[in-house]
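Here's the letter readout for the chains.
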Amino acid sequence: MALSTHTIKNCSSDLSLFLASAFTKKPKTTEVMAGGTAVFEAETEKTGIKVKWERAGAEITESEKYLIKAEGNKHSLTIHNTGKEDDVTYAVIAGSSKVKFDLRVKEPEKSKTILSIEAVSAPVVSDSPTPAETQPAECSRSSEVPTAETQPELPLDPIGLFVTRPQDGEVTVGGNITFTCKVAGASMLKKPSVKWFKGKWMDLGSKVGKHLQLHDSYDRNNKVYIFEMHIIQAKMTYAGGYRCEVSTKDKFDSCNFSLIVNGKIVFNTTNIAEGHEEGGELDFSALLKKSEPKHESQPDVDVWDILRRAPPSEYEKIAFQYGITDLRGMLKRLKRIKKEEKKSTAFLKKLDPAYQVDKGQKIKLMVDLANPDAEVKWLKNGQEIQVSGRYIFEAVGNKRILTINHCSLADDAAYQCVVDEEKSFTELFVKELPILISHPLEDQMVMVGERVEFECEVSEEGAAVKWEKDGIELKREETFKYRFKKDGKKHYLIINESTKEDSGHYTAKTNGGESVAELIVQEKKLEVYQSIADLTVKARDQAVFKCEVSDENVKGIWLKNGKEVIPDERIKISHIGRIHKLTIDDVTPEDEADYSFIPEGFAYNLSAKLRFLEIKIDFVPRQEPPKIHLDFMGQAAPDTIVVVAGNKLRLDVPISGDPIPTVIWQKVNKNNCNVLRNDDSMDSPDSSSDLSNDSMLLSESEGRVRVEMHEDHCIFIIEGAEKSDEGVYRVTVKNPAGEDNADITVKVIDVPDPPEAPKILNVGEDYCTVQWQPPKYDGGQPILGYILERKKKKSYRWMRLNFDLLKDLSYEAKRMIEGVVYEMRVYAVNSIGMSRPSSASQPFMPIAPPSEPTHFIVEDISDSTVTLKWRPPERIGAGGLDGYSVEYCKEGSTEWVPALQGLTERTSALIKDLVTGDKLYFRVRAINMAGESEPGQELGKQPHIHLTTLEKKDHGPNKFMVFFLQGKPRPKVIWTKDGQPLDSKDVGIRNSSTDTILFIRKAEHHHSGTYEVQVQIDNMDDKVAITMQIMDKPGPPQNVKIVEVWGFNVALEWKPPQDDGNAQISGYTIQKADRRTMEWYTVFDHYRRTNCVVSDLIMGNEYYFRVFSENLCGLSEIAATTENPAYIQKTGNIYKPPSYKEHDFSEAPKFTHPLVSRSVISGYNATLSCAVRGSPKPKIFWYKNKVDLSGDAKYRMFTKQGVLTLEIRKPSPFDGGFYTCKAVNECGEAEIECRLDVRGNQISVDSVLLEMNG
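Just so it is clear, the model here is predicted, and its values are computed rather than measured.

Asker: Account for the overall build of the protein, naming residues and giving values.
Answerer: Of the regular secondary structure elements, the protein holds 7 helices and 94 strands. Every one of the 1254 residues in the protein was classed for burial, and the buried ones make up 37%. Sequence separation of 24 or more characterises 60% of the internal contacts of the protein that already satisfy a separation of 6 or more. When the accessible surface of the protein is summed, it comes to about 74400 Å², and 50% of that surface belongs to carbon and sulfur atoms.

Structure, rendered in structure tokens:
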């Protein structure tokens, strides 16, 4: 503890020196009396540095109270007439260095005494009384409010959680009562859980309603939780014992209390009884002192019978209804009664207590009935089962069978068979089959940034699959790096953009198996399989530049003399797979340039040159001998022309001669030559005796190998060059004036042949050595290296093991999974490209020998025999275990002799026929198909101690250490602690022939120390020392204080705890609470420093802060809290709205909808409508034939949201005419008019008279 504290202090000191490096002398915290003067001095390293002084985060300006001086590198601050308001934190700032210090102002002793007396005499806030409407006069003593005289302060319970426990109560029938408990909440992180019970186990939380209510509140002043139980209109059955239980995360407390319900004095008259539903409850028993109360005759209730017939789910309801307080005891007695029940009259054979079936299978539930004609009902969880495809009912004689097909987890339930009033119960358990992986994961190798998708298939749809990477479970993160997808039985793990960190082993786990695959993510590398070559073409010919790269997704650009080539009708750019082409048709002299291809995203530049061939024809005299001009480019004739297999060879050979010579092409071999002529015939040259008879006539314009003849040159073409085309070609030209010939060597180069199948050597636990031989044919180019691939035996996906070519003929492949069968294959690479893959190697499995056997001991010794005993190896591996070999060696010899013939599968052996008196060494090895393990070796009688179990335990639980002993005869065991014998009162020791156990019943701090166990046999001994450290939760941090408050931030500082619990402090948890609510919220957890800044606080609020310390055992029991709150001051910013130029909305009236001329019928109301717009709102006037209608009661005028309406009540023909609407405001006026025609309703006088007579 002292060491860790010293280290932390040193670290803090170093930090302060680093931050305050600009000061050579720093001001120190000073203590003065109120009214005195305080002086702070500081010195800087250099003169001329600007220094500022701050008080509580605000800069200090010079005044009468504050005097600031600066002389060279010396600076001082003087504070006159100090008061309590000056007791704050100050700071001096120079450049980027800041030093804080405090001024402590001491008040006179008299002030201290007065303050302490005031603090003691502060009143204790008591609980508020229950409202009058819910607390009548009959309320019990527990609901009354204690006064200051009777209860001056809240009682504290140092052990339990209650501050005030609920007290026994008494109430009259029909009255109300409240029980209250109080729980201290100052040290609680969250609200405690409180339950109320009646009797021993009836939870009242489910009985809340008309007669029972539960309430809780929080007293912020006293930091106390208040829980209340209100009983309203109490009944006699409510009497009995009650219990209140309170629990937190790590504490529990309970309290028992009782309720007494007294009979109520009422006058029970007939009228009252008839007018109330509960008249039967009224009683005169309270008035009758000596006589017996009269009860109305009620049928007797047999509670035992009710409980016997009721299902267990109804027990709680029955107990509350009939006032049963010892329900648990009654149920025990009822259980014994049920065992003595008579034999069932309805069932000859009931259902078994439980059945089990595998998921997806079917099961039959069968009962035997006493009456074959009885009706049967089957219930599932209390609900009647209906006949369906899954549920089948059968009746065979007196047997009734329920068959459930294709059982699912939904069928895991309680079933009943009901016959009349008798029931037979059973439970059906559906066992879910293990989910197997039918299609395992496959290894993958990708480039950085590529998408990775692992796929596996399980045996059942909807199964749960857990994904892991290197043993750590993968979950959906905020960045959505991993995506999990289900498609029926298939499950996918998708990584959208892979990185180097994603490399590793990925596991898909189910409850029935797992599958592992490896992901290798490599940096992107581009290989050029074929570069572009220089071209020489003639006018009007075609030039094709072609290159091939390893990645078919790579794009690129073509450059001509450094400028990008723009494709057009003559120039075409293509990209098919890995091949990029630039094709130039009708070549012109302007096309002669340097051409380059640059792959996008890679630092490659593939360049070639295009030469334009310009043929000059000089005048030659007739009868000029023929001449072959192979040096037409001004260079020496090439000895060898190299062409890549599969490419086209085109050789232009200029010739001259007069008359035009005849051209003959020959392939010169050792035994034959083929002749190609320009006259569509194949003839033998002069040396025809050297030519073979199987010459083939080739047409000039047909065939893969052909010659095209022109006046001044001939063209030799090989389409799709093959290895057989390699050789020396001789061209001969003849005319009457003479002849000329030239030899041209053509070499065809290709990718190498595939190597032979590689061999697997030196197989280990997760590695193997692969060896191979070079290919028989290297393709005409030297082998640059090899590429190795591997796959799992049952997989089809090969995974590349190297991106850089392997120069050697062997490679050590690593990171394989033990027990999985693999295959290997190899590619050869030359400058042309990569060969086809070799045949796969023989399948092999990475395995390793097991570890050495453990606990190898000599069990028994006689004059000629030795009995050995051991335990299996801790690690056996995928290769299994074939057996054990036992050997012995005489002392002084190096030769080990087999003690047994062959291997033994047992873990013990009896070695016979030994020579009496020899001192022997024995060893045992575990052997599997991978080889032998390291030997487990022992000297015959030498005592030896082997510690197998040592666990570091927290403070409190039991602790034990087991030491295994070896030696014959039985060794003597001696235990000591710090050199002293152990106390047997709190430490137990048990010894046997093979081990000794130290047992500590309850580990405490004083049990820490060095324990030593010693075993002795005669003059031989062995010792083992173990240092034990008992850990506990740490104590709270010290001196938590608020250093500075600025803006929305608070700086906190504290010291490490005095008690670290014998373990290193791993961090701190900082919490904040608003002073009004006192609800604590975590700001930082696992915080390692002893200072922090809490940000994002709310302006205008006051906050308390507390800090918990943490070590391996957890958080400290209590926290250190700041004494005073931190107030986040409100800023004085005043919002000033921007000034805008007021917009003029004035507008002259304008009609947006005109008046429409109408024709109406006399005697029916008519309306005229229009719409107007204007600002300010215009005044409206209506006219008829230029006469104002404002004072005429026959007309009504309406205005609503700019719509103007004139209503004419029952118009007559006289009301017809021109109507005008006029709108006027200060900006102008507008008017509109329409015509109204009123048609008269003319009825003839004759018709009226006829109607009257009728």
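The rest of the description comes next.
Asker: Tell me about the sheet that holds strand 92 (residues 1203-1208), residues and numbers included.
Answerer: Pairing within the open sheet is antiparallel, and its 4 strands lie in the order 86-88-92-91. At either margin of the open sheet sits one strand with a lone partner, and together these are strand 86 (1147-1153) and strand 91 (1195-1200). With strand direction ignored, the average angle separating the axes of adjacent strands in the sheet is 25°. Bridge count for strand 91 against strand 92 is 6 bridges, and the pairing is antiparallel. Pairing of Phe 1198 across the sheet is with Thr 1205, part of strand 92.

Asker: How would you explain the environment of Lys 25 if you had to name every residue and give the values?
Answerer: Here Lys 25 lies in strand 1 (residues 23-25). Exposure remark for Lys 25: the relative accessible area of 36% places this residue in the partly exposed category. For the pair Lys 25 and Lys 74, spaced 49 residues apart in the sequence, the C-alpha separation amounts to 9.0 Å. Among residues more than four places away in sequence, those in contact with Lys 25 are Glu 41, Ala 42 and Glu 43. A distance of 3.3 Å separates polar atoms of two side chains, one belonging to Lys 25 and the other to Glu 41.

Asker: Explain the sheet that holds strand 55 (residues 759-761) to me, and be specific about the residues and the numbers.
Answerer: Pairing is antiparallel across the open sheet formed by 3 strands, whose spatial order is 55-56-59. Two strands in the sheet have a free side with no partner beyond their single neighbour: strand 55 and strand 59 (810-813). Between one strand and the next, the sheet's axes are offset by a mean angle of 30°, whatever the strand orientation. With 3 bridges joining them, strand 55 and strand 56 (residues 768-771) adopt antiparallel strand pairing. Among the inter-strand pairings, Lys 759 is bridged to a residue of strand 56, identified as Gln 771.

Asker: Explain the pattern of salt bridges to me, and be specific about the residues and the numbers.
Answerer: Within this structure, the stated rule accounts for 52 salt bridges. The partner of Glu 1207 in a salt bridge is Arg 1196, with the nearest N and O atoms 3.6 Å apart. Here Glu 1207, found in strand 92, pairs with Arg 1196, found in strand 91; they are 11 residues apart in sequence, far enough to count as distant. Through salt bridges that share partners, Glu 54, Lys 98, Lys 100 and Glu 1044 make up one connected network.

Asker: Can you break down the nonpolar core residue by residue, with the values?
Answerer: Formed by 36 residues in total, the largest nonpolar core has its most connected members in Trp 196, Met 229, Ile 231 and Leu 259. Elements that contribute at least two residues to this core include exactly strand 12 (177-184), strand 13 (193-198), strand 16 (224-231), strand 17 (240-247), strand 18 (252-262), helix 5 (315-322) and helix 6 (327-339). Formed by 24 residues, the second largest nonpolar core is a distinct cluster that contains Val 653, Ile 655, Val 707 and Val 733.

Asker: Lay out the pairing of strand 88 (residues 1166-1175) in plain terms, naming residues and giving numbers.
Answerer: As judged from the 4 bridges shared by strand 86 and strand 88, these two strands associate in the antiparallel manner. The residue bridging Glu 1147 from the neighbouring strand is Ser 1175, located in strand 88. When strand 88 meets strand 92, the two strands line up antiparallel, connected through 6 bridges. Bridge pairing in strand 92 places Ala 1166 opposite Ile 1208.

Asker: Describe the confidence of the model for the protein, naming the residues involved and giving the relevant values.
Answerer: Chain-level pLDDT for the protein is 79 on average; 81% of the residues reach the 70-or-more range. Contacts from residues 672-699, a stretch scored under 50 in pLDDT, to residues over four places away or in other chains number 54 contacts. Low confidence marks residues 948-959, where pLDDT is under 50. Its contacts with residues over four positions away, or in another chain, come to 40 contacts.

Asker: Describe helix 5, naming the residues involved and giving the relevant values.
Answerer: Among the residues making up helix 5, those that are buried are Tyr 315, Ile 318 and Ala 319. Down the axis, helix 5 shows its buried residues gathered within 100° of arc, on one side only.

Asker: With reference to specific residues and values, describe the packing of aromatic side chains.
Answerer: Under the counting rule described, the total for this entry stands at 23 aromatic pairs. A centroid spacing of 6.2 Å and a plane angle of 80° characterise the contact between Trp 53 and Phe 101, whose relative ring orientation is edge-to-face. On the criterion of sequence distance, the pair formed by Trp 53 in strand 4 (residues 51-55) and Phe 101 in strand 9 (residues 97-106) is long-range, its members being 48 residues apart. Classification of Trp 53 as buried rests on a relative accessible area of 3%. Each member of the aromatic cluster is reached from another via a ring pair, and the members are Phe 40, Trp 53, Tyr 90 and Phe 101. Lys 485 extends its terminal NZ or CZ atom over the ring of Tyr 492, reaching a point 4.7 Å from the ring centre. The residue whose ring lies beneath Arg 923 is Trp 896, and the NZ or CZ to ring-centre distance is 4.2 Å.

Asker: Summarise the environment of Gly 931; cite the residues concerned and give the values.
Answerer: Tracing the backbone through its elements, the reader meets Gly 931 in strand 67 (residues 931-932). Sequence separation between Gly 931 and Asp 882 is 49 residues, and the spatial gap between their C-alpha atoms is 9.8 Å. Those residues in contact with Gly 931, other than ones at most four positions away along the chain, are Pro 849, Pro 850 and Ala 926.

Asker: Can you tell me about unusual backbone geometry, naming the residues and giving the values?
Answerer: The linkage connecting Asp 658 with the following residue, Pro 659, adopts the cis geometry, with an omega of 5°. Here Pro 659 is to be found in the loop between strand 48 (649-658) and strand 49 (662-668). Here the bond from Ser 1175 into Pro 1176 is cis, since omega is -5°, no more than 30 degrees from zero. Of note, the phi angle at Asp 470 is positive, near 55°, even though the residue is not glycine. One can find Asp 470 in the loop between strand 31 (466-469) and strand 32 (472-473). For Asp 470, a relative accessible area of 45% puts it in the partly exposed group. Phi is positive for Asp 978, which is not a glycine, with a value near 50°. Mapping Asp 978 onto the fold places it in the loop between strand 71 (972-977) and strand 72 (980-981).

Asker: Describe the side chain of Thr 583, and please don't skip the residues or the numbers.
Answerer: Relative to the elements of secondary structure, Thr 583 occurs in strand 43 (residues 579-584). Excluding residues that lie within four positions of it along the chain, Thr 583 makes contacts with Gln 542, Ala 543, Val 544, Arg 570, Ile 571 and Lys 572.

Definitions and cut-offs
- Residues numbered from 1 in each chain as written.
- Predicted model: local features only at pLDDT ≥ 70, side-chain atom pairs only at ≥ 80, totals over all residues.
- Heavy atoms only, no water.
- Helix = DSSP H or I, 4+ residues; strand = E, 2+ residues; numbered from the N terminus.
- Buried < 20%, exposed > 50% of the residue type's maximum accessible area, 1.4 Å probe, protein only.
- Contact = heavy atoms within 4.5 Å.
- Areas by Shrake-Rupley, 256 points an atom, 1.4 Å probe, with all protein chains shown as cover.
- Pairing = 2+ DSSP bridges.
- Axes fitted to C-alpha atoms, helices over the stretch in contact; angles between N-to-C directions.
- Polar contact = N/O pair within 3.5 Å; in protein donor to acceptor, adjacent residues only side chain to side chain.
- Salt bridge = Lys/Arg side-chain N within 4 Å of Asp/Glu carboxyl O.
- Core = buried A, V, L, I, M, F, W, Y, C linked by side-chain atoms within 4.5 Å.
- pLDDT = per-residue confidence, 0-100.
- Arc of directions from axis to C-beta.
- Phe/Tyr/Trp six-rings, centres within 6.5 Å; stacked < 30°, edge-to-face > 60°.
- Lys NZ or Arg CZ within 6 Å of the ring centre and 35° of its normal.

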